[in-house]
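Here's the letter readout for the chains.
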Amino acid sequence: MKTLKDTKIGETVRVVKLHGEGAVKRRIMDMGITRGVEVTLRKVAPLGDPMEMTVRGYELTLRKADAETIEVE
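Remember, predicted model here, so these are calculated numbers, not experimental data. Throughout, residues of each chain are indexed from 1 in the direction in which the sequence is written. With the structure being a predicted model, the display of local features is reserved for residues of pLDDT at least 70 and the display and counting of side-chain atom pairs for 80 or more, all residues being used for whole-chain, interface and lining totals. Each side-chain value is derived from all of the structure's non-hydrogen atoms; neither hydrogens nor water enter the calculation.

A. Inspection of unusual backbone geometry at higher detail. The phi dihedral of Arg56 is positive, around 55°, even though this residue is not glycine. The numbering of helices and of strands both runs from the N terminus, where a helix is a DSSP run of H or I of at least 4 residues and a strand a run of E of at least 2. Mapping Arg56 onto the fold places it in the loop between β4 (51-55) and β5 (58-62).

Written out as structure tokens, the structure is:
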């Protein structure tokens, strides 16, 4: 299983499934990350956290802990 955390800079992936539960999953879905959407990783902070990505035409920054709950292909 590959997660968004494992994605390389410049790579575009498609979301397969959101793991997690409750408020965390809802917050991620409210940011536009839903099943089937394409995500492009743009930058990673020098210490590796957070990660900046393009989702649905806008820039989004996620912590690695949240990115780890998003399964991609």
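Anyway, onward from the coordinates.
B. Looking closely at the pairing of strand β2 (residues 12-18). At least two DSSP bridges between two strands are needed for those strands to be called paired. By the bridge criterion, 3 bridges tie β2 to strand β3 (residues 38-44) in an arrangement that is antiparallel. For Val13, the partnering residue across the bridge sits in β3 and is Val39. As paired elements, β2 and strand β6 (residues 70-72) share 3 bridges and run antiparallel to each other. Looking at the pairing, Val15 lines up with Val72 of β6.

C. Inspection of the sheet that holds β6 at higher detail. Read across the open sheet, the 6 strands follow the order β1-β6-β2-β3-β4-β5; overall the sheet is antiparallel. Across the chains shown, the open sheet's two edge strands, defined by having one partner strand only, are β1 (2-3) and β5. One ladder, built from 2 bridges, connects β1 with β6; its direction is antiparallel. Directly across from Thr3, in β6, lies its bridge partner Glu71.

D. Layout of the side chain of Thr3. Here Thr3 shows up in strand β1. Each residue's exposure class comes from its accessible area (1.4 Å probe, protein chains only) as a fraction of the maximum for that residue type: buried when under 20%, exposed when over 50%, partly exposed otherwise. On the basis of relative accessibility, which here comes to 6%, the residue Thr3 falls in the buried class. Ignoring any residue separated from it by four or fewer positions in sequence, one finds Thr3 in contact with Ala67, Glu68, Ile70, Glu71 and Val72. It only takes one pair of heavy atoms within 4.5 Å for two residues to be counted as in contact.

E. View of the nonpolar core. Counting 18 residues, the largest nonpolar core has Leu4, Val15, Ile33, Val39, Met53, Leu62 and Ile70 as the members making the most contacts within it. If you list the elements that add at least two residues to this core, you get β2, β3, β4, β5 and β6. Non-local contacts of Ile70, meaning those with residues more than four positions away in its chain, are made with Lys2, Thr3, Leu4, Val15, Lys17, Leu18, Ile28, Ile33 and Leu62. We define a nonpolar core as any set of buried Ala, Val, Leu, Ile, Met, Phe, Trp, Tyr and Cys residues linked to one another through side-chain atoms lying within 4.5 Å.

F. Main features of the pairing of β5. Here β4 pairs with β5 via 5 bridges, running antiparallel. Pairing of Glu52 across the sheet is with Thr61, part of β5.

G. The side chain of Thr7, seen in detail. Of note, Thr7 is situated in the loop between β1 and β2. For Thr7, the side chain forms a polar contact with the main-chain oxygen of Leu4, separated by 3.1 Å. Apart from residues lying up to four places away in sequence, Thr7 is in contact with Lys2, Val13, Leu41 and Val72. Any N or O atom pair separated by 3.5 Å or less is treated as a polar contact, with the protein-specific requirement of one donor-capable and one acceptor-capable atom, and with residues adjacent in sequence counted only for side-chain atom pairs.

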